[in-house]
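# Observations on the model geometry
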Amino acid sequence: PLDRREVRHALSMAVDRDRLIANGEFANASPAYSLVPPAVNARYKPPRAPYAPIAYADRLTIAGALLLDIDRSTPLPLRLAIPKGTHHRGIAQHLVQVWSGLGFRIDVVARDAAHHQAALLAGDFDLAVAVDAPRDIWSFLAPFSQAAPVWNLGRYSEASFDDAFAGADLESDP
């Protein structure tokens, strides 16, 4: 089902970013509603998901509505790959809880960092948590480009993104 934009949006909308922060999963963080978190570069103002200002309870309702035409009479299986560790386990527990409520069965596969990275490169996942967060804007966005196939772990493909990314790469910083 992840090939459908509505499903990806519903899963993203169901993540309670404020609760993850409040529970200590991301101390001193701000909820991220974009591919590039705002803290990566103070000058960069990333576009935010259109549902960002919507109250969490309302987002859950909308997420459920996005999935109405999908048969969820039996939970849809998704494999969530995470690196081992209490930090990632807390994130996975939250995702299992909220996504189960939308009709998904989440199988969490936790591996040590080296095996996790190898599994990601092999495409052995439906959804995954990265081992390390990139440190700059380019490193966040490059893996979504078809020009970086080895790092495009999620097999993302959008021609308009590739065009914009290639054009931006030709521009110099101010």
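Remember, predicted model here, so these are calculated numbers, not experimental data. (Residues numbered from 1 in each chain as written. Predicted model: local features only at pLDDT ≥ 70, side-chain atom pairs only at ≥ 80, totals over all residues. Heavy atoms only, no water.)

## Considering the pattern of salt bridges
Close approach of charged atoms allows side chains of opposite charge to pair. Applying the stated criterion across every chain, the model contains seven salt bridges. Aspartate 124 is paired through a salt bridge with arginine 79; the nearest N and O atoms lie 2.5 Å apart. One end of the pair, aspartate 124, is in the loop between helix 5 (113-122) and strand 3 (127-128); the other, arginine 79, is in strand 1 (residues 76-83), and 45 residues separate them in sequence. Taking relative accessible area as the criterion, aspartate 124 reaches 34% and is therefore assigned partly exposed. For arginine 79, a relative accessible area of 30% gives the class partly exposed. Note that aspartate 124 is salt-bridged to arginine 111, the shortest N-O span being 3.0 Å. In this pair, aspartate 124 is assigned in the loop between helix 5 and strand 3 and arginine 111 in strand 2 (residues 104-111), connecting sequence segments 13 residues apart. (Salt bridge = Lys/Arg side-chain N within 4 Å of Asp/Glu carboxyl O. Helix = DSSP H or I, 4+ residues; strand = E, 2+ residues; numbered from the N terminus. Buried < 20%, exposed > 50% of the residue type's maximum accessible area, 1.4 Å probe, protein only.)

## With respect to the pairing of strand 2
Pairing of strand 1 with strand 2 involves eight bridges; the strand directions are parallel. Bridging from a neighbouring strand, isoleucine 82 pairs with alanine 110 of strand 2. Read as a crossover between parallel neighbours, the route from strand 1 over helix 4 (residues 86-100) to strand 2 is right-handed. (Pairing = 2+ DSSP bridges. Right-handed = clockwise from strand over helix to strand, strands pointing away.)

## A word on the side chain of histidine 88
Inspection of the secondary structure puts histidine 88 in helix 4. Owing to a relative accessible area of 13%, histidine 88 belongs among the buried residues under this scheme. Setting aside its immediate chain neighbours within four residues, histidine 88 contacts Ile82, Pro83, Val129, Ala130 and Val131. (Contact = heavy atoms within 4.5 Å.)

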